[in-house]
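Listed below, chain by chain, are the residues.
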Amino acid sequence: MIEVSRLNLQPLHIDFYQNPTLDLAQALLGKLLVKETEEGVASGWIVETEAYMGPFDRAAHSFGNRRTKRTEVMFGPPGHFYTYVMHTHCLVNVVSGEVGHPEAVLIRAVEPYQGIDLMYSRRGQEKKEKQLTNGPGKLTKALGITKLDYGLPCDKKPLYIAEGNDVQSIERGPRIGIDNSGEAKDYPWRYWISGNRFVSR
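Owing to the predicted nature of the structure, the values given are computational and were not obtained by experimental measurement.

### Let's talk about the pairing of strand 9 (residues 190–193)
What you see with strand 9 is no split at all: Arg190 and Trp192 on one side and Tyr191 and Ile193 on the other are buried throughout. As defined by bridge partners, strand 8 (residues 170–173) adjoins strand 9 across four bridges and the pair is classed as antiparallel. Across the sheet, residue isoleucine 170 finds its bridge partner in strand 9, namely isoleucine 193.

Spelled out as structure tokens, the structure:
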């Protein structure tokens, strides 16, 4: 479990997202992803991310500068949320990279922090705690993140990322579920906190 220290539960400054994408994917580890809804507040420590490097990354939605209604937010400034639905599950990404160079970081798993009862009501009371948020579709359902959050800034409520704790050890490896992306499937652009039980696999 991530140790809870004195936290500033306010959104990180937008400058945080100016980091290069591979650096941002690691810097997000240990930060707190927060969603405020009428039902209450739910949040979790980010424990796993994947970087998608845009036009030259065959696994990225924006490969070849593919610009569609879905990918439009990726072409704008960093520090906005890119949500989309895949196999009926909503996934949440943080837009990164310079304007006009569409890159993003997928938030792949979080460790529950606030609103755990709310997470169970959304995910099912029979779920084990480990199963609440140990995957990109699971965490969005648990936190109440939906496709309607598309384009929201990461530094403003109701959906934002707050300061977290220092991470002692980060591991890296190939991304998951992108077998049809040629050489890109082998790029070691997935990052996770060593030993955390909420990492997806």
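### Here's the deal with the side chain of aspartate 149
Inspection of the secondary structure puts aspartate 149 in the loop between helix 3 (136–143) and strand 6 (155–156). Residue classification places aspartate 149 among the buried residues on the basis of a relative accessible area of 6%. If we ignore the near neighbours within four places in the chain, the residues touching aspartate 149 are Lys35, Phe81, Thr83, Gly144 and Leu159.

### So, the nonpolar core
One finds Tyr17, Leu28, Leu33, Val94, Ile107 and Ile161 to be the most contacted residues of the largest nonpolar core, which totals 36 residues. Of all the elements in the fold, those that place two or more residues in this core are helix 1 (21–27), strand 2 (40–52), strand 4 (89–96), strand 5 (103–114), helix 2 (116–123), helix 3, strand 7 (159–162) and strand 9. Beyond its immediate sequence surroundings of up to four residues, tyrosine 17 is in contact with Leu12, Leu24, Leu28, Pro78, Gly79, Val94, Cys154 and Ile161. In terms of nonpolar packing, the next biggest core, distinct from the first, is built from 13 residues, Tyr52, Met74, Leu91 and Ile178 among them.

### Here we look at the layout of surface pockets
One number sums up the size of the largest pocket: a volume of about 660 Å³. Lining the largest pocket we find 32 residues, and of these Tyr84, Met86, Leu91, Leu106 and Pro136 sit closest to its centre. Those elements that place two or more of their residues in the lining of the largest pocket are strand 2, strand 3 (81–86), strand 4, strand 5 and helix 3. Element by element, the count of residues in the lining of the largest pocket is highest for helix 3, at five residues. Tallied by class, residues from the lining of the largest pocket come to 15 nonpolar, eleven polar and six charged.

### Points about the pattern of salt bridges
A full pass over the atoms with the stated rule returns 13 salt bridges. Glutamate 163 is the partner of lysine 31 in a salt bridge, and the nearest nitrogen-oxygen pair spans 3.7 Å. Here glutamate 163 lies in the loop between strand 7 and strand 8 and lysine 31 lies in the loop between helix 1 and strand 1 (32–37), a separation of 132 residues in the sequence. The closest approach of N and O atoms between lysine 185 and aspartate 186, which form a salt bridge, is 3.4 Å. Of the residues examined, lysine 185 reaches a relative accessible area of 31% and is grouped as partly exposed. When its relative accessible area of 49% is taken as the criterion, aspartate 186 is described as partly exposed. Beyond isolated ion pairs, a larger network of salt bridges with shared partners links Glu48, Glu50, Arg108 and Arg190.

### So, the environment of tyrosine 191
Mapped onto the secondary structure, tyrosine 191 falls in strand 9. When the C-alpha positions of tyrosine 191 and glutamine 131 are compared, they lie 19 Å apart, and in sequence the two are 60 residues distant. Apart from the residues within four sequence positions on either side, tyrosine 191 is in contact with Leu22, Ala25, Gln26, Leu29, Val47, Glu48, Thr49, Ile170, Glu171 and Arg172.

Parameters at a glance
- Residues numbered from 1 in each chain as written.
- Predicted model: local features only at pLDDT ≥ 70, side-chain atom pairs only at ≥ 80, totals over all residues.
- Heavy atoms only, no water.
- Buried < 20%, exposed > 50% of the residue type's maximum accessible area, 1.4 Å probe, protein only.
- Helix = DSSP H or I, 4+ residues; strand = E, 2+ residues; numbered from the N terminus.
- Pairing = 2+ DSSP bridges.
- Contact = heavy atoms within 4.5 Å.
- Core = buried A, V, L, I, M, F, W, Y, C linked by side-chain atoms within 4.5 Å.
- 1 Å grid on protein atoms, 1.4 Å probe; cavity = no way out; pocket = protein on both sides within 12 Å on 5 of 7 lines; lining within 4 Å.
- Points joined across faces, edges and corners; volume = space filled by probe spheres on them.
- Nonpolar A, V, L, I, M, F, W, Y, C, P; charged D, E, K, R; others polar.
- Salt bridge = Lys/Arg side-chain N within 4 Å of Asp/Glu carboxyl O.

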